[in-house]
Amino acid sequence: MAVGTPSRSLRGISAVVALLAVGAVGCSEVVDSAKDGAEKVARQRSVFSLNIGDCYNPNSKAAEGETFSIEMVPCVEPHQGQVVGEFKLDDGNAFPGNEAIWAIADERCPAEAGKYAPDTWALPAGVDIFYYTPTKESWATGDRAVSCTYTKEKGTFSGSLKLDAAAAKPGQSEYLKGANAVYEALWTTQPEAETVDDDLDGYKAQAKAVAAALDAHLKGLATVEGTETGKLRAGLEKTAAHWKKAANAADVDAFYVSYDPAFTGLDPNKTVAARKELGLATTVPADEAEVWAG
């Protein structure tokens, strides 16, 4: 496994050899160690056999490179990663290269992960998206699968990350679908220019995309009951109006006048009460809190 840019290998499951040092340790400790080692070996699975929902531990601590196998772990036990999505690359005769495949995975895996675990606020701290991709050698044998995962580089977490549809409260899916789309529109359309002065058209295009996502979000929220959700909807209606004004700004000064209340209106702290009402996670992720703290 390569953390950040995981990849497959043709070699299948790598051999695992447990060397037991018998010395000062007691016999029971040796037996326990042997049992642990045997269990780890029994849990080894090829990276080609990964399925959505599988929980696992990487066998390698390397940040990048190829991997042959992982340790499959029951999700109720502490583990480092879980497969949260999968997709097939377009078939072709020539291997497109690692960089090209990783670029596709960078774009597709967040969307696939969002289907499986849509409430990013509920993710354990330190979890991030990583993936397994075909190598040049496996591509030649027909391997086209990309496995998307949520993995912790340090530490473990317990339990599945999947949102339990059966236990979900009314309105959760509608809220998450709309909210995720709004923030995706905000960040994926962010212009490369650091200031509006350098790319007014680019920032206006971003504002237009966010406004459209907000309109869709508001439409979804219209069917969700709740006092706090109603308050949030009213606030987002005003926020959407500011984004629309920014999208149609005649000049840089006019854009800034609308952009400030537009961006402030998306402060995730303003959604906490509605989230609590809907039974969703209520702790703002640290990276998001930092953005709006400034």
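Residues numbered from 1 in each chain as written. Predicted model: local features only at pLDDT ≥ 70, side-chain atom pairs only at ≥ 80, totals over all residues. Heavy atoms only, no water.

### Concerning the packing of helix H5 (residues 200-221) against helix H6 (residues 227-247)
Closest axis-to-axis distance for the H5/H6 pair is 8 Å, and the angle between their directions is 155°. Relative to H6, H5 is oriented roughly antiparallel. The chirality of how H5 crosses H6 is left-handed. Facing H5, whose interface residues are Lys204, Ala207, Lys208, Val210, Ala211, Leu214, Asp215, His217, Leu218 and Leu221, H6 presents Thr229, Arg233, Leu236, Glu237, Thr239, Ala240, Trp243, Lys244, Ala246 and Ala247. (Axes fitted to C-alpha atoms, helices over the stretch in contact; angles between N-to-C directions. Helix = DSSP H or I, 4+ residues; strand = E, 2+ residues; numbered from the N terminus. Parallel < 35°, antiparallel > 145°, perpendicular 65-115°, else oblique. Left-handed = near helix turned anticlockwise from the far one by under 90°. Contact = heavy atoms within 4.5 Å.)

### Points about a negative patch on the surface
A contiguous patch of negative charge, built from Glu194, Asp197, Asp198, Asp251 and Asp253, is present on the exposed surface. Note that aspartate 197 resides in the loop between helix H4 (172-188) and H5. Residue class for aspartate 197 comes out exposed when judged on its relative accessible area of 54%. (Patch = residues over 30% accessible without salt bridge, like charges linked within 9 Å, V, L, I, M, F, W, Y side chains within 5 Å. Areas by Shrake-Rupley, 256 points an atom, 1.4 Å probe, with all protein chains shown as cover. Salt bridge = Lys/Arg side-chain N within 4 Å of Asp/Glu carboxyl O. Lys, Arg positive; Asp, Glu negative; His and termini not counted. Charge placed at Lys NZ, Arg CZ, Asp CG, Glu CD. Buried < 20%, exposed > 50% of the residue type's maximum accessible area, 1.4 Å probe, protein only.)

### Here's the deal with the pattern of salt bridges
Considering all chains together, one arrives at five salt bridges under this definition. One salt bridge in this structure joins glutamate 112 and arginine 108, with 3.4 Å as the shortest N-O distance. Highlighted residues: glutamate 112 and arginine 108, both in helix H2 (residues 98-116), separated by four residues, approximately one helical turn. A relative accessible area of 12% places glutamate 112 in the buried class.

### With respect to the state of the cysteines
On inspection of all chains with the given rule, the structure shows two disulfides. The residue that forms a disulfide with cysteine 55 is cysteine 75, at a sulfur-sulfur distance of 2.0 Å. Disulfide cysteine 55-cysteine 75: torsion about the S-S bond near 95°, hence right-handed. A residue pair is termed long-range when its members are at least 10 positions apart, and cysteine 55 in strand S3 (residues 55-58) and cysteine 75 in the loop between strand S5 (69-73) and strand S6 (81-88) qualify at 20 residues. Each sulfur in the disulfide pair cysteine 109 and cysteine 148 lies 2.1 Å from the other. Across the disulfide from cysteine 109 to cysteine 148, rotation about the S-S bond amounts to roughly -75°, and the bridge is consequently left-handed. (Disulfide = S-S within 2.5 Å.)

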